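What follows is the residue order along each chain.
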Amino acid sequence: MSTAVTEAPAAVTLAGVSKVYGRGRAAVHALDEVSLAAAPGEFTCLIGASGCGKSTLLSLVAGLDTPTAGQIKVGGRVALMFQEPGLFPWLTAAGNVELALRARGAGRAERKARAAELLEVVNLREFGGKRPHELSGGMRQRVALARALAQDADVLLMDEPFGALDAMTRDLLHDELDRVCAGRNLTVLFVTHNVREAVRLGDRVVLLSSRPGRVIADYPVPIQRPRRIDSAPVAELAGTITDRLREEVSRHGK
Amino acid sequence: MASNTLAGLDALDLDVSPRTSSRLASRFLSGLWPKVLAIALVIVIWELIHLTGWKKYVLPGPGVTLTDLWDQARTGLLWHAIRDTLQRAVVGFALAVLIGTAVGALVSRIRPLRAAVGSLITGLQTMPSIAWFPFAIILFGQNPSAILFVIILGAAPSIANGLIAGVDYTPPLLLKAGTLMGLRRVSLYRHLILPASLPAFVAGLKQGWAFAWRSLMAGELLVTMFNQPGIGTLLSADQDQADMAGAISLIIVILIIGICVDSLFNVADRAIRRRWGLTQA
């Protein structure tokens, strides 16, 4: 893949991005010449076996780390969601959202109103006064989503955000995420190792190879929304991608 | 629209156990009887030892001692001493909190400072505070300032270390979340690092109090202050007069005060743990 030159300015552009941890013999090539462009409002799922540098890629886009080589361009503010909700245990659900608003410089009244609004968006209106430990795993991840939305980000990075949840809760959150993204021009980079989840959510699915992480395939997902994770078209495309992924894993196993 | 999705799965996960006042009361009572039993047991063993006649000329039985305690409690002297002692404790501990917190905040923030004095603080923490008294008494003379000085030296390092530990153990995930949110420098400290270090800080305060209280007792035994006698001063006088019943009475008073203050810290600690969801109900 060469550096993508797009007509519309992409929300996220990675051009020949490499990341090496350590030096000399102990060096680990986490990412190797990854080039990727995500259009504004596009939902991109990144998928790959473990060790493909998915999380590294998100850290680089979030600016938490710098690439060894290559360039990253991000148009707008970035918010990041992790597998763990990462909520502040000393604050209530509403307090967590309000702190994000405060960091953006919102005044007290605005914070209160916006936080209530955002909790409504993730269906947690009545739970604003609860502390994280009083909420279920799925609810905590919803609060984390509300907190990410409070950052008024243009780009939302999600690092296996539903990986620790049971299948049913995950299904519900997929629907919710669809709904949340539909009303906003939110560019999403969504990392997962669950192929069906990727097909269920993404406008496209990008396959990364393992160690070093490289883009090996890029599948558009032409399936009409709303989608169901157990529907035939989703299963079919997921099957194709899984086969490709298996190939990659076995090639690596030798 | 979809707010009924909550009613299903998530609601099952929620902890709905009510915390009523009657439960609190019963918990208090159920926590009380083992303590009463333990005290009764100690008194029985003490009485038995007394009955064997071991050291009978110097060791009074519980009856005589508790009567002595009752008599002391009816005179103003003991209460004055308790008041003066507690006043010293509060002033000394407050100063230690101020100094310890300031030092802890600076050391946790400034890397070279940490390298320079980090291990010194831990060293001070392990130093038996009684060893400071010769130095303090020569420096300040036989007066309360010497005691105050030793209280601060005894308590401040624990408080500083508590804060430093709290800052160090702020979960990296929360720090990441905070920085990505746009919290920087002062706001990062105020809204994230300080609240995150609260449990360790309270643990430091509790330990600091224990050191302060020990330093204070040692100080009142060593530093002669006839114009403002504290509990330690009275204890020292009992030693001079070989008044064992009086001495044991005062030891009981010191124990009770220590336990009371400790339980205050425990209440604070438990409140934080409950807030954070660190307790198993």
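From a predicted model like this one, the values you see are computed outputs, not experimental measurements.

The helix and strand inventory of chain B stands at 12 helices and zero strands. Starting at the N terminus and ending at the C terminus, chain B contains elements arranged as α-α-α-α-α-α-α-α-α-α-α-α. Rg of the C-alpha trace for chain B: 24 Å, well past the compact-globule value of 19 Å for 281 residues, more than 25% over. In terms of principal-axis extent, the alpha carbons of chain B reach across some 80 × 50 × 30 Å. Going through the 281 residues of chain B one by one, you find that 30% of them count as buried. Sequence separation of at least 24 residues holds for 76% of the intrachain contacts in chain B that already meet a minimum separation of 6.

All names here are of chain A. Across the sheet, six strands lie side by side as 5-6-7-3-8-9; this open sheet has mixed pairing. This sheet does not close on itself; its edge strands, each paired only once, are strand 5 (78–81) and strand 9 (215–220). Recorded for the sheet is a direction-independent mean angle of 15 degrees between the axes of neighbouring strands. Bridge analysis of strand 6 (residues 155–159) against strand 7 (residues 187–192) gives five bridges, and the strand direction is parallel. Bridged to leucine 156 within strand 7 is valine 188.

All names here are of chain A. Read from one edge to the other, the open sheet built from three strands follows the order 2-1-4, with strand pairing classed as antiparallel. The open sheet has two edge strands with one neighbour each: strand 2 (28–38) and strand 4 (69–74). Adjacent strand axes in the sheet meet at a mean angle of 20 degrees, parallel and antiparallel pairs treated alike. Across seven bridges, the pairing between strand 1 (residues 12–21) and strand 2 is antiparallel. Looking at strand 2, one finds that valine 20 is bridged to histidine 29.

Turning next to the domain arrangement of chain A. Residues and elements named next belong to chain A. The domain architecture assigned to chain A consists of domain 1 (1–76 + 154–254) and domain 2 (88–152). Centre-to-centre separation of domain 1 and domain 2, based on C-alpha positions: 26 Å. Taken together, the contact pairs 10 residues of domain 1 with eight residues of domain 2. By residue number, the principal contributor to the side of domain 1 that touches domain 2 is helix 5 (residues 167–182), which donates five residues. Broken down by class, the residue content of the side of domain 1 that touches domain 2 amounts to eight nonpolar, one polar and one charged.

With that settled, consider the confidence of the model for chain B. Atom-level detail of predicted coordinates should not be read off regions where pLDDT is low. Per-residue confidence for chain B gives a mean pLDDT of 88; residues scoring 70 or more make up 91%. With pLDDT under 50 throughout, residues 1–5 of chain B is counted as low confidence; its partners more than four residues away or in other chains account for five contacts.

Let's shift gears to the interface of chain B and chain A. Listed as interface residues are 24 residues of chain B and, on the opposing side, 27 residues of chain A. Taken together, the elements giving at least two residues each to the side of chain B that touches chain A come down to helix 1 (6–13), helix 8 (172–181), helix 9 (185–196) and helix 12 (244–276) of chain B. At six residues, the largest contribution of residues to the side of chain B that touches chain A is made by helix 8 of chain B. Looking at the side of chain B that touches chain A residue by residue, the class counts come to 13 nonpolar, six polar and five charged.

On to unusual backbone geometry. All names here are of chain A. Arginine 225 connects to proline 226 through a cis peptide bond whose omega is 0 degrees. Here proline 226 lies in the loop between strand 9 and helix 7 (232–253). The phi angle at asparagine 123 is positive, at roughly 60 degrees, despite the residue not being glycine. Take asparagine 123: it is sitting in the loop between helix 3 (108–121) and helix 4 (137–150). Looking at asparagine 123, the number of C-beta atoms within 10 Å reads 21, which means it is buried.

This part covers the packing of helix 2 (residues 93–103) of chain A against helix 4 of chain A. Residues and elements named next belong to chain A. Two elements in contact, helix 2 and helix 4, have axes separated by 8 Å at closest approach and are oriented at 20 degrees. Taken together, the axes of helix 2 and helix 4 lie roughly parallel to each other. Considering how the two elements wind past one another, helix 2 and helix 4 form a crossing that is right-handed. Judged by residue contacts, Ala93, Asn96, Val97, Ala100 and Leu101 of helix 2 engage Val143, Ala146, Arg147 and Ala150 from helix 4. When its residues are assigned to classes, the contact of helix 2 with helix 4 shows seven nonpolar, one polar and one charged.

In this structure, Val61, Val97, Ala146 and Leu157 of chain A together with Ile151, Ala155 and Ala212 of chain B are the most contacted members of the largest nonpolar core, which totals 121 residues. Broken down by element, this core gets its largest block of residues, 15 residues, from helix 7 (residues 144–168) of chain B. In this structure, this core is formed jointly by two domains, domain 1 (1–76 + 154–254) and domain 2 (88–152) of chain A, each of which donates at least three residues. Contacts of valine 61 of chain A, omitting those with residues within four sequence positions, involve Val12, Ile72, Val74, Val78, Leu157 and Leu189 of chain A. Listed in part, the nine residues of the second largest apolar core include Leu235, Ala247, Leu250 and Val253 of chain B.

Moving on to the environment of phenylalanine 265 of chain B. Residue and element names in this part refer to chain B. Residue placement: phenylalanine 265 occurs in helix 12. According to the C-beta neighbour criterion, phenylalanine 265 is partly exposed, with 17 such atoms within 10 Å. In this structure, phenylalanine 265 is in contact with Val202, Leu205, Lys206 and Trp209, ignoring residues within four places of it in sequence.

Turning to the pairing of strand 7 of chain A, a few remarks are in order. Along a regular strand, successive side chains alternate from one face of the sheet to the other. All names here are of chain A. The buried count for strand 7 comes to six of six residues, which makes it a mostly enclosed element. Burial of the side chains of strand 7 extends over both faces: Thr187, Leu189 and Val191 are buried on one face and Val188, Phe190 and Thr192 on the other. Bridge count for strand 3 (residues 43–48) against strand 7 is five bridges, and the pairing is parallel. From the neighbouring strand, cysteine 45 faces strand 7, where its bridge partner is phenylalanine 190. Tracing the backbone out of strand 6, into helix 5 and back to the parallel element strand 7 gives a crossover that is right-handed.

Scoring rules and cut-offs
Residues numbered from 1 in each chain as written. Chains lettered and ligands numbered in written order. Predicted model: local features only at pLDDT ≥ 70, side-chain atom pairs only at ≥ 80, totals over all residues. Helix = DSSP H or I, 4+ residues; strand = E, 2+ residues; numbered from the N terminus. Rg over C-alpha atoms; globule rule 2.2 N^0.38 Å. Buried ≥ 20, exposed ≤ 12 C-beta atoms within 10 Å, placed from the backbone. Contact = placed C-beta atoms within 7 Å. Pairing = 2+ DSSP bridges. Axes fitted to C-alpha atoms, helices over the stretch in contact; angles between N-to-C directions. Domains from an automatic or database assignment. Nonpolar A, V, L, I, M, F, W, Y, C, P; charged D, E, K, R; others polar. pLDDT = per-residue confidence, 0-100. Parallel < 35°, antiparallel > 145°, perpendicular 65-115°, else oblique. Left-handed = near helix turned anticlockwise from the far one by under 90°. Core = buried A, V, L, I, M, F, W, Y, C linked by C-beta atoms within 7 Å. Right-handed = clockwise from strand over helix to strand, strands pointing away.

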